[in-house]
Amino acid sequence: MYYSVIGMIAIVLHLIMNHEFIKADKNRDEINNAFKKFVFASLLYFVTDMFWGILNSFKLSKLLYADTVIYYISMALTIAYLCNYVTQYLNLRSGFGKFIRIFGQGFAALEIVLLVVNHFVHIFFWIYPDGTYQAFIYRYIALYMQVFLCLMLAIQTGIVMIKATDDMKKRYFTIFFFCSAMVAAIILQIMYPLLPVYAIGLLIGSGIIHTFVNEGEIEEQFKVLKSMAGIHYSMHVIDLAKDTVQELTASQDVKAIVNRTNGALGMMRDVINALTVEEHLESVLEFTDLSTLAERMRYKKTIAKQFEGKQTGWVQAMFIAIETDPYGKPTKVIFTTRIIEEEKKNEEILVKKAQIDDLTGLYNRRTYEEDILEYSAASIKEDFVYASIDVNGLKVVNDEIGHAAGDELIKGAADCMQKVFGAYGKVYRTGGDEFVSIIFASKEQLESVKKDIESITEKWSGKLISSLSLSIGYVTKQECKDETILDMAKIADKRMYQAKSAYYSRKGIDRRGQAAANTALCNLYTKILKVNITEDSYTIVRMDTSEQTAEKGFANTISAWLHGFGKSGQVHEDDLKEYLKKTDLNYLREYFREGKTSISIQYRRKYADGFKQVAMDMIPANDYSAENQTLFLYVKNID
């Protein structure tokens, strides 16, 4: 019976030392889950070892046989789970670690198969009717395989231990010692099969791993947690099941309020009531209500809320689930608060930047669209005024004086608009030279606004450009009783274009004639592209979609397109060599770097009724430079 007594002692000690792993849920990391499986397999081994002594004393051969089968299965599983745990702890995810894990699993599976076969053919062990136990060859092979696995684990742990830091070296040495001890224990078990040497080795091993490895990990995690607590305004561990609180860190004002006799629920309510501003209090009390927290956090790792504190400014509060029940509800959480006043200020700056146009400092198009949606959703006041504004002559300034002068003109216009319209509402830059102002002004105030904007723009003068003119279309809500804001915007745009047309008429410029002339000129060409021969890219200005086919060489780069067009049979074979030479990008790059202002390539191209003479002309674009060679490519029929 002494054999069973040792088994009973092993079970009791095993349960005491590893109780937290036995009762823990599955929501732990892989290493802890691997150790938990090893703990359960060891516990099963101790139970079968205890019953083996009892059944053997009473010579209950059939029950003794069944217990021995489970005994060997638990032994195999223990070693397999030990292999899994050690390789994961050593972070051996591939190579040797993968080999040992597969070997351990294969060994356990094979042993189970052999034990099934053993019921019919005695190859592993046998229990005779008088209770006599006899071991056979495969029992020894199985034990020697376990020696091999434990030895491999010990050697690999020793190698890792040599390279490790001092803190980890102690933990690796513990595992090395355990694996080495198991080698010795299994060899002794082979030599003395009726001694509980294997059980003693397992008990000592699991105990020292728990003490020197797992507790070391827990201590290190607690250090990390304490370190994290240092950057928080407060941090508490709350046991929802027991209604208790453990403080990790807290400011003096939080400590002064905490009344632990009220439990976690009362403590939370008191702290929030004392430290939260009135306008946020109701929502924060709802967020921190511990009586509903478990349900609200079901299957969630974290929930967070931002609010304003009385002394602290903006605070972020967060619940973090650290233990959950089988239904995904947290039973233990960490509650943290962190002051984010500076972050809030930065956030406000970013929000403002997202609303403001960089060049002018006015509100941008995004803000305009958001405001229009907001105005559209509410009733518009009677003094609502929508103004559509355009800067006159910007394109001419950009083309003739340069973009620096154009930027000066836009900024000058923005300054003038802000000084006049800004006193009554908002001004938005919605495009390059396009602006919108939404103001609230009476009829008399609007007349004053019109005079002021005209006066201030007439007086304006810059360093690069000496004058400024705006075309503005105004629409008031009083004259558009039933129209929506979008309708008012269209009317304002129309009036602005009328004002612009009148401006150009006064200046002697017929813009409609220019547009008509430009259209007529473009109609001469069957194909107009803007190409970048530096980057080998293009954009289509004008071209029939029937030309954009693979049969006609159409491609994503201009070089491939021009080459493919020629090779597709679209260019007459007598003209092909010259065409390919002059449309080669390297040829074109050198050609224009020499200062040439245009190139004309004539060739015959294929049409449905035969080949016809066409001309391809290329000229540098306005933004052409030696580093960024941009050209306009024109194709027109000559025949």
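No experiment lies behind these values; they were computed from the predicted model shown. (Residues numbered from 1 in each chain as written. Predicted model: local features only at pLDDT ≥ 70, side-chain atom pairs only at ≥ 80, totals over all residues. Heavy atoms only, no water.)

Caption draft 1: View of the overall build of the protein chain. Broken down by element type, the protein chain carries 22 helices and 16 strands. Expressed as a percentage of its 639 residues, the buried residues of the protein chain come to 44%. When contacts within the protein chain are restricted to residue pairs at least 6 apart in sequence, long-range pairs at least 24 apart make up 57% of them. In the structure as shown, the protein chain presents an accessible area of about 34200 Å², 57% of it carried by carbon and sulfur atoms. (Helix = DSSP H or I, 4+ residues; strand = E, 2+ residues; numbered from the N terminus. Buried < 20%, exposed > 50% of the residue type's maximum accessible area, 1.4 Å probe, protein only. Contact = heavy atoms within 4.5 Å. Areas by Shrake-Rupley, 256 points an atom, 1.4 Å probe, with all protein chains shown as cover.)

Caption draft 2: Spotlight on the pattern of salt bridges. This model, assessed by the stated rule, comprises 19 salt bridges. The shortest N-O distance in the salt bridge between E295 and R298 comes to 3.7 Å. The partly exposed category is assigned to R298, whose relative accessible area is 33%. A salt bridge links K527 to E547, with the shortest nitrogen-to-oxygen separation between them at 3.8 Å. Residue K527 is located in strand β12 (residues 527–532), and its partner E547 is located in the loop between β13 (537–543) and α20 (558–570); the two are separated by 20 residues in the primary sequence. We note that K527, like E547, is buried. Salt bridges sharing partners connect three or more residues here, namely K527, E547, K552 and R605. (Salt bridge = Lys/Arg side-chain N within 4 Å of Asp/Glu carboxyl O.)

Caption draft 3: View of the side chain of T68. The residue T68 is located in helix α4 (residues 61–89) in this model. A relative accessible area of 1% places T68 in the buried class.

Caption draft 4: Region of the structure containing helix α22 (residues 585–593). Those residues of α22 that sit buried are L585, L588, R589, Y591 and F592. The buried side chains of α22 occupy one side of the element, clustering within an arc of 165° when seen end-on. Buried residues belonging to α22 abut α20, α21 (576–582), β14 (599–607), β15 (610–620) and β16 (630–637). Put simply, D584 is the residue that caps the front of α22, since its side-chain oxygen is 3.2 Å from the backbone nitrogen of N586. Just downstream of α22, G595 is the residue with a positive phi angle, here 95°. (Arc of directions from axis to C-beta. Polar contact = N/O pair within 3.5 Å; in protein donor to acceptor, adjacent residues only side chain to side chain.)

Caption draft 5: Structural context of the packing of aromatic side chains. Applying the stated criterion across every chain yields a total of 34 aromatic pairs. Each ring, one from Y45 and one from Y71, has its centre 4.9 Å from the other, and the planes form 35°; the classification is tilted. Of the two residues, Y45 is situated in helix α3 (residues 30–57) and Y71 in helix α4; the sequence distance between them amounts to 26 residues. When its relative accessible area of 0% is taken as the criterion, Y45 is described as buried. A ring pair is formed by Y45 and Y198, whose centres lie 5.0 Å apart and whose planes are at 45°; its orientation type is tilted. Of this pair, Y45 sits in helix α3 while Y198 sits in helix α8 (residues 197–229); the two residues are 153 residues apart in sequence, bridging distant segments of the chain. Since its relative accessible area comes to 0%, Y198 is described here as buried. Linked through ring pairs, Y45, F46, W52, Y65, Y71, Y72, F124, F125, W126, Y133 and Y198 together constitute an aromatic cluster. Over the ring of F440 we find K381; its NZ or CZ atom is 5.9 Å from the centre of that ring. (Phe/Tyr/Trp six-rings, centres within 6.5 Å; stacked < 30°, edge-to-face > 60°. Lys NZ or Arg CZ within 6 Å of the ring centre and 35° of its normal.)

Caption draft 6: Structural context of the sheet that holds β16. One open sheet holds the five strands; their spatial order is β13-β12-β16-β15-β14, and the pairing between them is antiparallel. Two strands close off the open sheet at either side, each with one partner strand: β13 and β14. Neighbouring strand axes in the sheet, compared pairwise and without regard to direction, differ in orientation by 25° on average. Seen against the sheet, α20 touches β12, β13, β14, β15 and β16 and runs at an angle of roughly 45° to β14. Along the sheet, α22 contacts β14, β15 and β16; its crossing angle with β14, the most-contacted strand, is approximately 150°. (Pairing = 2+ DSSP bridges. Axes fitted to C-alpha atoms, helices over the stretch in contact; angles between N-to-C directions.)

Caption draft 7: Summary view of the sheet that holds strand β10 (residues 434–440). The four strands lie next to each other as β9-β10-β8-β11, forming an open sheet whose pairing is antiparallel. Looking at the sheet topology across the chains shown, the edges are occupied by β9 (425–429) and β11 (470–476). Strand-to-strand twist of the sheet, defined as the mean angle between neighbouring strand axes without regard to direction, takes the value 15°. The strands touched by helix α16 (residues 403–421) within the sheet are β8 (384–391), β9, β10 and β11, with β9 carrying the most contacts at an inclination of about 165°.

Caption draft 8: Fine view of the environment of I410. Looking at the element boundaries, I410 is found in helix α16. Sequence separation of I410 and L468 is 58 residues, and the distance between their C-alpha atoms is 9.2 Å. Not counting chain neighbours up to four residues away, the residues in contact with I410 comprise L359, T360, L394, R429, G432 and F435.

Caption draft 9: Seen up close, the packing of α4 against helix α6 (residues 137–163). Direction vectors running N to C along α4 and α6 enclose 15°, while the axes themselves pass 11 Å from each other. Accordingly, the angle class assigned to the pair α4 and α6 is roughly parallel. As α4 packs across α6, the resulting crossing turns out to be left-handed. Across the interface between the two elements, Y72, M75, I79, L82, C83, V86 and T87 from α4 touch R139, L143, Q146, L149, C150, L153 and T157 from α6. Class assignment of the residues belonging to the contact of α4 with α6 gives a composition of ten nonpolar, three polar and one charged. (Parallel < 35°, antiparallel > 145°, perpendicular 65-115°, else oblique. Left-handed = near helix turned anticlockwise from the far one by under 90°. Nonpolar A, V, L, I, M, F, W, Y, C, P; charged D, E, K, R; others polar.)

Note that every value here comes from positions in space, so none of it alone points to a role or purpose.
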